[in-house]
Amino acid sequence: TEERTMFKKITLLGLALALTATLLFARGKNNNREDFRGKRNTEFCEENFQERKGERLKRLLPDLTDEQLEKIETMKLDQRAEMVAFRSDMKIKRLEMKKLVSQNSDKDDIDSKIDEITTLENKIMKKRIDHHFKIRNILTEKQQKVWDLHFQSRRDFGKRGHRKSNGHGFGGCK
């Protein structure tokens, strides 16, 4: 029984160490999360943004000229600004719909709100496609083929149930 008690203690100690190691490992170096004091670590995002600007695009299309890269980066910033406005409108409309449903509103009012939401979703989809073709138009024929494949793979990636991008670029910086 003494051996059994010692075995239990060692097993519990081992499990505690394994759990601690797992938690520490899972925490990793995610610079976008709050630390244990509730402070956000954005050092990585702010200090290295200019250095990382266009990095993924250059990996995808290594033969991009500086002029192409600059145009694309400007277009991406404009696109992001538009998408922020669309997404905030979408959130507001969805909240309004939830409110209508929770208040047992008239079905026509709810249908009308659904129409507003789908109209906004339609605009967002068209803006994304428009953005894709605007970028495509400044690329060479060879670059366009790679760009189109990348665009299609991103669409397929989201359909397979994997996590989509949060739209904040590299490393989840906000």
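Criteria and cut-off values
- Residues numbered from 1 in each chain as written.
- Predicted model: local features only at pLDDT ≥ 70, side-chain atom pairs only at ≥ 80, totals over all residues.
- Heavy atoms only, no water.
- Helix = DSSP H or I, 4+ residues; strand = E, 2+ residues; numbered from the N terminus.
- Buried < 20%, exposed > 50% of the residue type's maximum accessible area, 1.4 Å probe, protein only.
- Contact = heavy atoms within 4.5 Å.
- Expected span 1.5 Å × (residues − 1).
- Axes fitted to C-alpha atoms, helices over the stretch in contact; angles between N-to-C directions.
- Parallel < 35°, antiparallel > 145°, perpendicular 65-115°, else oblique.
- Salt bridge = Lys/Arg side-chain N within 4 Å of Asp/Glu carboxyl O.
- pLDDT = per-residue confidence, 0-100.
- Core = buried A, V, L, I, M, F, W, Y, C linked by side-chain atoms within 4.5 Å.

### Remarks on the overall build of the protein chain
Right, so step 1: Scanning the protein chain for helices and strands turns up six helices and zero strands.
Right, so step 2: Each helix and strand of the protein chain, placed in order from N terminus to C terminus, yields the pattern α-α-α-α-α-α.
Right, so step 3: Looking at the protein chain as a whole, 22% of its 174 residues qualify as buried.
Right, so step 4: Restricting the contact set of the protein chain to residue pairs at least 6 apart, pairs at least 24 apart contribute 55%.

### A short note on helix α4 (residues 66–102)
Right, so step 1: Across its 37 residues, α4 extends 53 Å between first and last C-alpha, which sits within 8% of the 54 Å expected from 1.5 Å per residue.
Right, so step 2: Among the residues of α4, those classed as buried are Gln68, Leu69, Ile72, Glu73, Met75, Lys76, Gln79, Met83, Phe86, Met90 and Leu100.
Right, so step 3: Immediately downstream of α4, the backbone of Asn104 shows phi near 55 degrees, a positive value.

### Comments concerning the packing of α4 against helix α5 (residues 107–137)
Right, so step 1: Where α4 meets α5, the axes come as close as 10 Å, and the angle between the chain directions of the two elements is 170 degrees. The angle between α4 and α5 falls in the class roughly antiparallel.

### Considering the pattern of salt bridges
A side chain with one charge can pair with a side chain of the opposite charge if their charged atoms come near.
Right, so step 1: Across all of its chains, the model carries 10 salt bridges by this definition.
Right, so step 2: Of the charged contacts in the structure, one is a salt bridge between Glu82 and Lys127, with a shortest N-O distance of 2.9 Å. Of this pair, Glu82 sits in helix α4 while Lys127 sits in helix α5, placing them 45 residues apart in sequence.
Right, so step 3: Residue Glu82 is classed as partly exposed on the basis of its relative accessible area of 31%.
Right, so step 4: Beyond isolated ion pairs, a larger network of salt bridges with shared partners links Lys93, Glu96, Lys113 and Glu116.

### Description of α5
One turn of the α-helix equals 3.6 residues, which is why residues spaced by three or four share an orientation.
Right, so step 1: Helix length check: α5 (31 residues) gives 45 Å between terminal C-alpha atoms against 45 Å at 1.5 Å per residue, within 8%.
Right, so step 2: Along α5, the residues classified as buried are Ile110, Lys113, Ile117, Leu120, Ile124, His131, His132 and Ile135.

### Describing the confidence of the model for the protein chain
Right, so step 1: A residue-level look at the protein chain finds 71% of positions with pLDDT of 70 or above and a mean pLDDT of 77.
Right, so step 2: Across the protein chain, the element-wise mean pLDDT spans from 51 in helix α2 (residues 43–52) up to 92 in α5.
Right, so step 3: Contacts for the low-pLDDT stretch residues 157–174, under 50 throughout, to residues beyond four places or in other chains number 20 contacts.

### Section: unusual backbone geometry
Phi is mostly negative for residues that are not glycine, and the peptide bonds are mostly trans.
Right, so step 1: At Asn104, a residue that is not glycine, the phi angle is positive and equals roughly 55 degrees.
Right, so step 2: Residue placement: Asn104 occurs in the loop between α4 and α5.

### Comments concerning the nonpolar core
Right, so step 1: Counting residues in each nonpolar core, the largest one holds nine residues, listed as Leu57, Leu61, Leu64, Leu69, Ile72, Met75, Ile135, Leu139 and Trp147.
Right, so step 2: The leading source of residues in this core is α4, at three residues.
Right, so step 3: The next biggest cluster of nonpolar side chains, apart from the first, holds six residues, and it includes Met83, Phe86, Met90 and Leu120.

### Structural notes on the environment of Leu69
Right, so step 1: In this fold, Leu69 is placed in helix α4.
Right, so step 2: For Leu69 and Leu139, which are 70 residues apart along the polypeptide, the C-alpha to C-alpha distance reads 9.9 Å.
Right, so step 3: Beyond its immediate chain neighbours, meaning those up to four positions away, Leu69 contacts Gly54, Leu57, Lys58 and Leu64.

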